[in-house]
Amino acid sequence: MKKIVVFGGGTGLSTLLSGLKEYELDITAVVTIADNGGSTGKIRKYYDIPAPGDIRRCAIALSNDEQIKSLMNYRFDLNIQNHTIGNLILAALTDLNGNMSEAIKSYCKLLNVEKEIYPVSNESLVLSAQMEDNTIVHGETKITNSKKKIKKVFYEGNPQVYKKVISAINNADAVIFSSGSLYTSIIPNLIFHEIQSALENKNIKKIYVSNIVTQNGETNNYKLSDHINVINNHLKTSEIDIVFANNNYNINEIILAKYALENSEIVKIDIENIKTKIIADNYIYVDENDMLRHNVKKVSKQIVKYVNNNCY
């Protein structure tokens, strides 16, 4: 069974995991834990723990127990600050176990998850960013709301990576950087020197699933080459081997106008600026809210084909 490590956060990572879990793969999800918005942000502030929200999404995506999945996403219509049951349980388990990684083990047992989910660190991390004008912004939500171009992201102090993350990389056949927020979901996993060093192994295939649209506050006006360059710059001495990118630009004008109101647009493949191998295809489907989503069944099938055959 091929061993893969999937990096990311937010809905991008959990969505991809829901597709990959259908295949005979040894999957380890490595999740960024610096989110400080919404329910997660309130719980982090109160308990001083790593962000539970993206961990919850990943566990739910990898679970096959529909009733438990619904329970973990449930929010009471009461004055308890709009927390999901899953976030509250993860917070309680972290308090009981003393750290997030042990809490995740217990949480995954509840959801009957057979894959591994690791926080990138057991510490309660605060993501900071240096903007193009050299101002410093602290906190994920403030970074995306700053309306300034991001120069780099970093953590204050010297946080420690969760050691099992390194072991998982060392044993992996491939690593996947999932779609999602470039600077606040993907790169936060890559600014640990130990992770950068582990990824230097040339036998590990490095795969990137490109975003469908740009994200206001992070990747305004970015083409595919910009996304690739940012990741490669953080990989230091290694590079992405292959990118799965959407090439369907024939989108309903009403939907595109809706995204334009949020200063978002389709990520275009500027092949003239890219040296990395690209597998371009129509990876889009439109959900019930007229949002553009990845067809994860199609993406996952093509990723597995590449991982198993090591060619395309």
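Residues numbered from 1 in each chain as written. Predicted model: local features only at pLDDT ≥ 70, side-chain atom pairs only at ≥ 80, totals over all residues. Heavy atoms only, no water.

Student: What is the right way to look at the overall build of the chain in this model?
Tutor: Helix and strand counts for the chain come out as 13 helices and twelve strands. On C-alpha atoms alone, the chain measures out to a radius of gyration of 19 Å, which is about the 20 Å that the 2.2 N^0.38 rule sets for 312 residues. Seen through its principal axes, the chain has C-alpha atoms that stretch 55 × 45 × 40 Å. Considering the chain as a whole, with its 312 residues, one finds that 54% of them fall into the buried category. Within the chain, contacts between residues separated by at least 24 positions form 69% of all contacts whose residues are at least 6 apart in sequence. Measuring between centres, the 35 positive side-chain charges of the chain sit 2 Å from its 34 negative side-chain charges. (Helix = DSSP H or I, 4+ residues; strand = E, 2+ residues; numbered from the N terminus. Rg over C-alpha atoms; globule rule 2.2 N^0.38 Å. Buried < 20%, exposed > 50% of the residue type's maximum accessible area, 1.4 Å probe, protein only. Contact = heavy atoms within 4.5 Å. Lys, Arg positive; Asp, Glu negative; His and termini not counted. Charge placed at Lys NZ, Arg CZ, Asp CG, Glu CD.)

Student: Quick question: what am I supposed to make of the nonpolar core here?
Tutor: Among the nonpolar cores identified, the biggest contains 90 residues, and Leu20, Ile117, Phe177, Ile195, Ile231 and Ile303 are the most heavily contacted of them. When residues in this core are grouped by element, the largest group, six residues, is from helix α3 (residues 53-62). With near-sequence residues (within four places) excluded, Ile231 lies in contact with Phe177, Leu182, Ile186, Ile187, Leu190, Tyr208 and Ile240. Judged by nonpolar contacts, the second largest core, of eight residues, contains Ile212, Val213, Ile255 and Ile284. (Core = buried A, V, L, I, M, F, W, Y, C linked by side-chain atoms within 4.5 Å.)

Student: Could you clarify how one ought to interpret the pattern of salt bridges in this entry?
Tutor: Pairs may arise between side chains of opposite charge once their charged atoms sit close together. Scanning the model with the defined rule gives six salt bridges in all. Between Lys298 and Asp281 there is a salt bridge, with its nearest N and O atoms 3.2 Å apart. Of this pair, Lys298 sits in helix α13 (residues 296-309) while Asp281 sits in strand β10 (residues 277-281), placing them 17 residues apart in sequence. Under the relative-accessibility criterion, Lys298 is labelled partly exposed at 28%. Here Asp287 makes a salt bridge to Arg293, at a shortest N to O gap of 3.1 Å. The buried category is assigned to Asp287, whose relative accessible area is 10%. (Salt bridge = Lys/Arg side-chain N within 4 Å of Asp/Glu carboxyl O.)

Student: Looking at this model, I keep getting lost on the side chain of Ser63. Mind explaining?
Tutor: Topologically, Ser63 is positioned in the loop between α3 and α4 (66-72). For Ser63, the side chain forms a polar contact with the main-chain oxygen of Leu111, separated by 2.6 Å. When sequence neighbours within four positions are dropped, the list of residues in contact with Ser63 reads Lys21, Lys69, Leu111 and Val113. (Polar contact = N/O pair within 3.5 Å; in protein donor to acceptor, adjacent residues only side chain to side chain.)

Student: In this structure, what is going on with the sheet that holds strand β2 (residues 25-31)? I would like to understand it.
Tutor: Either a parallel or an antiparallel arrangement is found when strands of a sheet pair, and the pairing is made through backbone hydrogen bonds. Taken in spatial order, the seven strands make up an open sheet running β3-β2-β1-β7-β8-β9-β10, and their pairing is parallel. Each end of this open sheet is capped by a strand with a single partner; those strands are β3 (116-119) and β10. The mean angle between the axes of side-by-side strands here comes to 20 degrees, regardless of whether they run parallel or antiparallel. Taken together, the seven bridges between strand β1 (residues 2-8) and β2 define a ladder with parallel strand orientation. Looking at β2, one finds that Lys2 is bridged to Leu25. Sheet strands touched by helix α8 (residues 163-170): β1, β2 and β3. Its angle to β3, the strand with the most contacts, is close to 130 degrees. (Pairing = 2+ DSSP bridges. Axes fitted to C-alpha atoms, helices over the stretch in contact; angles between N-to-C directions.)

Student: Hey, could you run me through the environment of Ile49 in this one?
Tutor: For Ile49, the position within the fold is in the loop between α2 (38-47) and α3. Ile49 gets classed as buried once you look at its relative accessible area, which sits at 8%. With 133 residues separating them in the primary sequence, Ile49 and Leu182 have C-alpha atoms 23 Å apart. Residues contacting Ile49, with those up to four places away along its chain left out, are Ile43, Arg44, Ala91, Thr94 and Ser124.

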